[in-house]
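# Observations on chain architecture
In case you want the letters, here they are:
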Amino acid sequence: MRRLERKAPYLMTLAAAGALVVSACSSGGGGGGGGDGKSEGPGEDKTVSANYSVGTAADAAGPAPEVPGAKKGGTVTVLQRDAFNHLDPGQIYFVDVLTNQMLYNRSLTSYKIDDKGRVKVVGDLATDSGTSSDGGKTWKFTLKEGLKFEDGSPITSKDIRWGIERLYASFETDGPLYIPQWLSGDGNDFRKALPDGPYGGKHLPPSVLDTPDDKTIVFHFRAPHADTPYATAMPNVGAVKAEKDGQRKYDNAPFSSGPYKVGSYKVGKSLTLVRNEHWDPKTDPIRHQYADRFEVSFGHQLADSTRRFLADQGGDRTALSYSNAVAPEMTEKVLGQKDTKARRLLEIQPYVDYISFNTTRLKDVKVRKALAYAMPNGQILQQNGGASAGVIATNYLSPAMDGYQPTDPYGKKAKPAGDPEKARALLKEAGKEGQEIVFAYANTDVQQKVSVVVTQALERAGFKVQKKEIDANTWRTSISEVGNKFDIYRTSWGADWPVSSTVVPPLFDGRQIADGSQNYGHLDDPKVNAEIDRILKITEVKRAGAEWQKLADRILTDDVPGVPTFYNRQFSLWGSGLGGVKYHPVYGSVDPTGVYVK
């Protein structure tokens, strides 16, 4: 789930009833894996676009439907492996922080998930999912009555404008940039329209972003965007109070518009969220405020959190994790312990795992192809948990994406352990036998094991491998630096909403290359950039879907900025003292918005 640059409209068709008429992708299900043994698999894939729709004004009305049996009070403990890289909604783009921000941050629109895992885009701060005119170039949103910040002050359209204009500042690099790019320019060119953000006293002109009164905000895009209700559901399209905006320091103290607010935050160690007494449930169709507080702590490896959930003792009875999966080596134990059946989920996620190749360092495409052939997809998946963790990937796009074809140019289905002979031949042909590869990986228990099988596979193929272990708490920042000193590293990606235009451009458009961007392989091929522009002009979704698949395959075979390894599943467990735990198919994580202490 990340960003993209759009030079021309990628126009999706909206049916009269508001349904998104595409057949694309993202993630799964709604509640708990079934089965008692090895045959257990994920439920129906809820990430396909047929499961998505755009809601009405009635769908945007609060309060959210009550969770059966829910009670008020108590503390929810959250065990996370990695420290959060951001709390600032403008910088949020990873699954754990996406999940966490739902508790304290509201956006113009958001996702309403029913008990069957069906997804509706509805008004969150807005009264509905927006009204378009001018052929889809102009979008108007009206704010609800009764919206307040954590200090009781009203949320107005000026706060929304501030929240959007601060994305133009140079330090806001890690979050999605759909809205500012659609308003002001491609790639990072949009920043020229407001180089200092709103901090110098300047604002975007009303012809670009208008706030004619306290309740109304109007976007004037450079091109039509029928998918605007999805873009305004990103966490950075919300309200920021100017007087509370500490710019870079906002990362440690975001000002709440949701049911919880930051009580205390020890960077890298813990986060406490407490009730926001000024949040009005009548304005919110999505969130509840059952628990008194959420206590989040970091540094819990998968084995640690799994053991605690299995033991189900003391405070761990009321514990969950947003994103920690069951430890791979404990999968069978979890499946065999019958009392876990009602408190686990096994769901299809919107993410694809990759090993990215740094094309600025690995300039010879034959070397990159050799790496692709050598990569042991099956062994990587096994170290992550095998069938409960995912399915071997054969190309860049998720099988749920519209236009997907099961192409397999590197023969991963036939040779899941890699093809060292083919890799060796390519290295010899390139005159690069014994090529040294700097392999960076996070110092987590799983990735340490993955590093072993990857190193062995590359050495069998004739590479020399220098392993570089990186602190998991700084991992995401390290690999997204353009000047990083690594050759290969693990990355992952999921569609922001179920169309391939939210996958191919952010990952492979050379004009997106910047610190914090998601073009992790630093690919800058003018032919690819031009083809992205061409496909973005296609307004018929089915036809565009097929073209995205063709381009993705061409990038994989001709440019090779990385190799896909597996399509993700989430296998999670939580304590028996919690209720209301369900799956969030858009983010691919546990949904905390209805969780209560029994």
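First things first, this report covers the structure right here in the doc. (Residues numbered from 1 in each chain as written. Predicted model: local features only at pLDDT ≥ 70, side-chain atom pairs only at ≥ 80, totals over all residues. Heavy atoms only, no water.)

### Some details on the packing of aromatic side chains
For the record, the criterion: By convention, a stacked pair of Phe, Tyr or Trp rings (six-membered ring in the case of Trp) has centres within 6.5 Å and planes under 30 degrees apart, an edge-to-face pair has planes over 60 apart, and any other such pair is tilted. The numbering of helices and of strands both runs from the N terminus, where a helix is a DSSP run of H or I of at least 4 residues and a strand a run of E of at least 2.
The final tally for this structure, using the stated rule, is 23 aromatic pairs. Taken together, a centroid distance of 4.8 Å and an interplanar angle of 80° make the contact between tyrosine 373 and tyrosine 410 edge-to-face. With tyrosine 373 in helix α7 (residues 365-374) and tyrosine 410 in the loop between β14 (390-392) and α9 (420-430), this pair connects stretches of sequence that are 37 residues apart. Aromatic pair phenylalanine 486 and tyrosine 489: ring centres 6.3 Å apart, planes at 75°, arrangement edge-to-face. Every member of this aromatic cluster is reached through a ring pair, and the members are Tyr52, Tyr111, Trp139, Phe141, Tyr178, Trp182, Phe219, Phe221, Tyr230 and Trp497.

### Considering the nonpolar core
Rules: Nine residue types can take part in a nonpolar core, namely buried Ala, Val, Leu, Ile, Met, Phe, Trp, Tyr and Cys, and a core is a set of them joined through side-chain atoms within 4.5 Å. When a residue's accessible area, from a 1.4 Å probe over protein chains only, is under 20% of the maximum for its type it is buried; when over 50% it is exposed; and in between it is partly exposed. In what follows, residue pairs with any heavy atoms lying within 4.5 Å of each other are defined as contacts.
By size, the foremost hydrophobic cluster in this structure holds 159 residues, and its most contacted members are Tyr111, Phe219, Leu320 and Phe357. Residues within four places of leucine 320 in sequence aside, it is in contact with Val76, Thr77, Val78, Leu79, Phe309, Trp574, Leu578, Val581, Val590 and Val595.

### A look at the pattern of salt bridges
Formally: The working definition used for a salt bridge is a side-chain nitrogen of Lys or Arg within 4 Å of a carboxyl oxygen of Asp or Glu.
All told, the structure shown has 33 salt bridges when counted by the stated rule. Salt-bridge contacts for arginine 476 lead to aspartate 96; the nearest nitrogen and oxygen are separated by 2.9 Å. A residue pair is termed long-range when its members are at least 10 positions apart, and arginine 476 in helix α11 (residues 475-479) and aspartate 96 in helix α1 (residues 95-101) qualify at 380 residues. Comparing arginine 476 with aspartate 96 shows no difference in burial state: the two are buried.

### Section: the environment of lysine 72
Selection criterion: Whenever two N or O atoms come within 3.5 Å, that pair is a polar contact, provided that in protein one can donate a hydrogen and the other can accept it, and provided that, for residues adjacent in sequence, both atoms are side-chain atoms.
Counting through the fold element by element, lysine 72 comes out in the loop between β1 (52-54) and β2 (75-79). Residues lysine 72 and tyrosine 373 lie 301 residues apart in sequence; the distance between their C-alpha atoms is 54 Å. The residues touching lysine 72, leaving out its near neighbours within four places in the chain, are Arg275, Gln289 and Tyr290. Of note is the side chain of lysine 72, whose polar atom sits 3.3 Å from the backbone oxygen of glutamine 289.

### Considerations on the packing of α7 against α9
Note the threshold: Each axis is a line fitted through C-alpha atoms, and for a helix only the stretch in contact is used; angles between axes span 0 to 180 degrees, taken between their N-to-C directions. Each angle receives one of four descriptions, namely roughly parallel if under 35 degrees, roughly antiparallel if over 145, roughly perpendicular if within 65 to 115, and oblique otherwise.
Here α7 crosses α9 at 170°, and the two axes come no closer than 8 Å. Considered as vectors, α7 and α9 are oriented roughly antiparallel to each other. Residues Lys366, Val367, Lys369, Ala370, Tyr373 and Ala374 of α7 form the contact with α9, whose participating residues are Lys422, Ala423, Leu426, Leu427, Glu429 and Ala430.

### Concerning the sheet that holds β2
What counts is decided by this rule: DSSP-based pairing: two strands are paired if at least 2 bridges between them are found.
Spatially, five strands are ordered β9-β10-β11-β2-β12 in an open sheet, and the strand pairing comes out mixed. Every other strand in the sheet has two partners, leaving β9 (260-266) and β12 (319-320) as the edge strands with one partner each. Relative to strand β10 (residues 270-275), β9 is paired through six bridges, and the arrangement is antiparallel. Its bridge partner being in β10, valine 262 is matched across the sheet by leucine 273.

### Thoughts on the side chain of glutamine 289
Residue placement: glutamine 289 occurs in the loop between β10 and β11 (293-297). Classification of glutamine 289 as buried rests on a relative accessible area of 12%. Setting aside chain neighbours within four positions, we find glutamine 289 in contact with Lys72, Pro259, Tyr260, Arg275, Asn276 and Trp279.

### Section: the sheet that holds strand β15 (residues 436-442)
Taken in spatial order, the six strands of this open sheet run β14-β18-β13-β17-β15-β16, and their pairing is mixed. This sheet does not close on itself; its edge strands, each paired only once, are β14 and β16 (464-470). Strand-to-strand twist across the sheet, computed as the mean angle between neighbouring axes with direction ignored, equals 35°. In this structure, β15 lies alongside β16, joined through seven bridges in parallel fashion.

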